[in-house]
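Residue-level structural notes
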Amino acid sequence: MPVKTAIVGYGRNGSTMHAGALERNPNFKVAAVCDIDPNRLTQAADRFGCPVYSSLSEMLAKEELDLVTIVTRSDQHAAMTCECLEAGANVLVTKPWAVNAAEARQMIATADKCGKKLFPWLPSRWSPWLSTLKQLLARKTIGDVFLIRRINTAFGIRNDWQTEKRYGGGYLLNWGPHLVDPPLVLAGEKVQSVYSIMRQVINPGDAEDMFMAVLTLTNGCIVQVEHTVSAESLPDWVIQGTRGTIVVRRYEVTVHISEPQKPDDPTKYTGMTAADKQLVSKEKITGSLYGSEDEVYAALARTFLEGTPFPVTTADGLYLSEVLDAIRESHEAGKVVCMQP
Ligand SMILES: NC(=O)c1ccc[n+]([C@@H]2O[C@H](COP(=O)([O-])OP(=O)(O)OC[C@H]3O[C@@H](n4cnc5c(N)ncnc54)[C@H](O)[C@@H]3O)[C@@H](O)[C@H]2O)c1
């Protein structure tokens, strides 16, 4: 029996990424759609031939659902999630699953109380960047890693709710789940301290469109994460180790290995660089760089149909919310914020 699923928020993302993945996976059936926009509801009814609702409460009262996928504005996620859990449905919540860690804890407590499953949406965990880089680091290709930089650049101006704080807008919540989580997974360490700066550079509204955070991990490794406004693209990843550097630009992963030799004669400066050995290798990766929604829903189907644990836990989601909170707190206080290991 397919997993009876409702989509709540049939907007830009709900009607494309989630509706598309559900439509393509025979293990799911779109059983209902909820949105407050009548045009969206007409589109959903035409596409899926399912009941549509302008009220979440009414939908939950009338439908027997296995899963609700929440894809509304970010400030709406936590309350809607709790309402669905209380009504007896399992819930998948798009990113950011909550606007802060307090909301995340509330959702987890409600899921526990109701005995229902709660799934955070972190598609970047399925990114080919992450799997490729994990393999390179496991092989110690560039030695011991001491600095991981994850950078996203854009020069686009938004003019929607994502530019307003009251709706859970701003690029830390919007991009943080895609940018902050993967380097932490890659490093496999917790955050010890955070320093960050955020700015509103070109967007209207009152929320940041740029952030830069330096996270020191418990093993001393530094993670620098930024979403920045730049007309020229920067590398997506730069990873520095004791034997070399990995640079990732979109689908191209370049590994630079360097083995500087100790100078024979330390009084002669040229001798310090003459014997360096350099090795450069390039690798092309394929797939959806921010993770394929089809793969996420395939994993979710295995959870429902075979009982396989979903690869992203609520503890993962909560920890990410705590790190994003610390990034915001550091910016607001203008100081380094320490996190409990
Ligand atoms: N790659 C990704 O994972 C990804 C990409 C884009 C957006 N998102 C996330 O998806 C969410 C939605 O973003 P979007 O760009 O699609 O926004 P959007 O504004 O296009 O869509 C939100 C939809 O929710 C509907 N809505 C508002 N209030 C409602 C209510 N009370 N009940 C039911 N529906 C209601 C709106 O009418 C709209 O159709 C955001 O949290 C965003 O961060 C994730």
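Residues numbered from 1 in each chain as written. Predicted model: local features only at pLDDT ≥ 70, side-chain atom pairs only at ≥ 80, totals over all residues. Heavy atoms only, no water.

1. As for the side chain of N152
Tracing the sequence through the fold places N152 in strand β7 (residues 145-154). Looking at N152, its side chain comes within polar contact range of the side chain of Y290, at 3.1 Å. Once you skip the residues sitting within four places of it in the chain, N152 turns out to touch W175, L179, E226, H227, T228 and Y290. (Helix = DSSP H or I, 4+ residues; strand = E, 2+ residues; numbered from the N terminus. Polar contact = N/O pair within 3.5 Å; in protein donor to acceptor, adjacent residues only side chain to side chain. Contact = heavy atoms within 4.5 Å.)

2. Some details on the domain arrangement of the chain
Interface size, as often reported, equals the accessible area lost upon joining of the parts. By the assigned domains, the chain splits into domain 1 (3-121) and domain 2 (125-289 + 321-338). Look at where the C-alpha atoms of domain 1 and domain 2 centre, and you get two points 32 Å apart. Between domain 1 and domain 2, the residue contacts involve 13 residues of the former and 12 residues of the latter. Carbon and sulfur atoms make up 55% of the surface buried where domain 1 meets domain 2, a total of about 1,000 Å² over both sides. At the surface where domain 1 touches domain 2, the tally comes to one salt bridge. Of the charged contacts, one joins E322 and R105 as a salt bridge, the two residues approaching to 3.0 Å between their closest N and O atoms. (Domains from an automatic or database assignment. Buried area = accessible area lost by both parts, 1.4 Å probe. Salt bridge = Lys/Arg side-chain N within 4 Å of Asp/Glu carboxyl O.)

3. Topic: the packing of helix α1 (residues 14-24) against helix α10 (residues 293-306)
What describes two packed helices is the angle between their axes and the distance between those same axes. Running from amino to carboxyl end, α1 crosses α10 at an angle of 55 degrees, the nearest separation of the two axes being 9 Å. Considering their axes alone, α1 and α10 lie oblique with respect to each other. Considering only the axes of α1 and α10, their crossing is right-handed. The residues of α10 that touch α1, namely those facing M17, H18, A21, L22 and R24, are E293, D294 and Y297. (Axes fitted to C-alpha atoms, helices over the stretch in contact; angles between N-to-C directions. Parallel < 35°, antiparallel > 145°, perpendicular 65-115°, else oblique. Left-handed = near helix turned anticlockwise from the far one by under 90°.)

4. Structural notes on the nonpolar core
Grouped together as the largest cluster of nonpolar side chains are 68 residues, with contacts concentrated most on L215 and I246. Of the residues that make up this core, three or more belong to each of domain 1 (3-121) and domain 2 (125-289 + 321-338). In this structure, L215 is in contact with V180, L184, V191, S193, V194, C221, I222, V223, V225, V323 and I327, ignoring residues within four places of it in sequence. Counting residues in hydrophobic clusters, the runner-up holds 29 residues, among them A31, A32, C82 and M107. (Core = buried A, V, L, I, M, F, W, Y, C linked by side-chain atoms within 4.5 Å. Buried < 20%, exposed > 50% of the residue type's maximum accessible area, 1.4 Å probe, protein only.)

5. Focus: the site of the ligand
Around the ligand sit 24 residues, and of these R12, N13, D35, K95 and W161 come closest. A distance of 2.9 Å is found between an oxygen atom of the ligand and a backbone nitrogen or oxygen belonging to R12. H77 has a polar side-chain atom sitting 3.1 Å from an oxygen atom of the ligand. Within the complex, the protein chains bury 85% of what would otherwise be the 840 Å² of accessible surface of the ligand. Going through the elements one at a time, α4 (77-86) and α7 (171-179) are the ones with two or more residues in the shell around the ligand. By residue class, the composition of the shell around the ligand is nine nonpolar, 11 polar and four charged. A domain-level breakdown of the shell around the ligand finds at least three residues from each of domain 1 (3-121) and domain 2 (125-289 + 321-338). (Near = heavy atom within 4 Å. Areas by Shrake-Rupley, 256 points an atom, 1.4 Å probe, with all protein chains shown as cover. Nonpolar A, V, L, I, M, F, W, Y, C, P; charged D, E, K, R; others polar.)

6. A closer look at the environment of Q224
Within the secondary structure, Q224 sits in strand β10 (residues 222-229). Note: C-alpha distance between Q224 and I148 (76 residues apart in sequence) is 6.3 Å. The residues contacting Q224, other than those within four sequence positions of it, are I148, R149, R150, M212, A213 and V214. Separated by 3.1 Å, the side chains of Q224 and E226 make a polar contact.

7. Observations concerning the side chain of D236
For D236, the location among the structural elements is in the loop between β10 and β11 (237-241). We note that D236 is buried and unpaired, the nearest opposite charge coming from R250 at a distance of 4.1 Å. From its side chain, D236 meets the backbone nitrogen of R250 in a polar contact 2.6 Å long. Once residues lying within four places of it in the same chain are set aside, the contact partners of D236 are W129, R149, R150, I151, V248, R249 and R250. (Lys, Arg positive; Asp, Glu negative; His and termini not counted.)

8. Some words on the environment of L92
Take L92: it is sitting in strand β5 (residues 90-93). Residue L92 is classed as buried on the basis of its relative accessible area, which comes to 0%. Taking C-alpha positions, L92 is 15 Å from E103, a pair spaced 11 residues apart along the chain. Here L92 is in contact with H18, L67, V68, T69, I70, F119, P120, W121, Y297 and L300, once residues within four sequence places are set aside.

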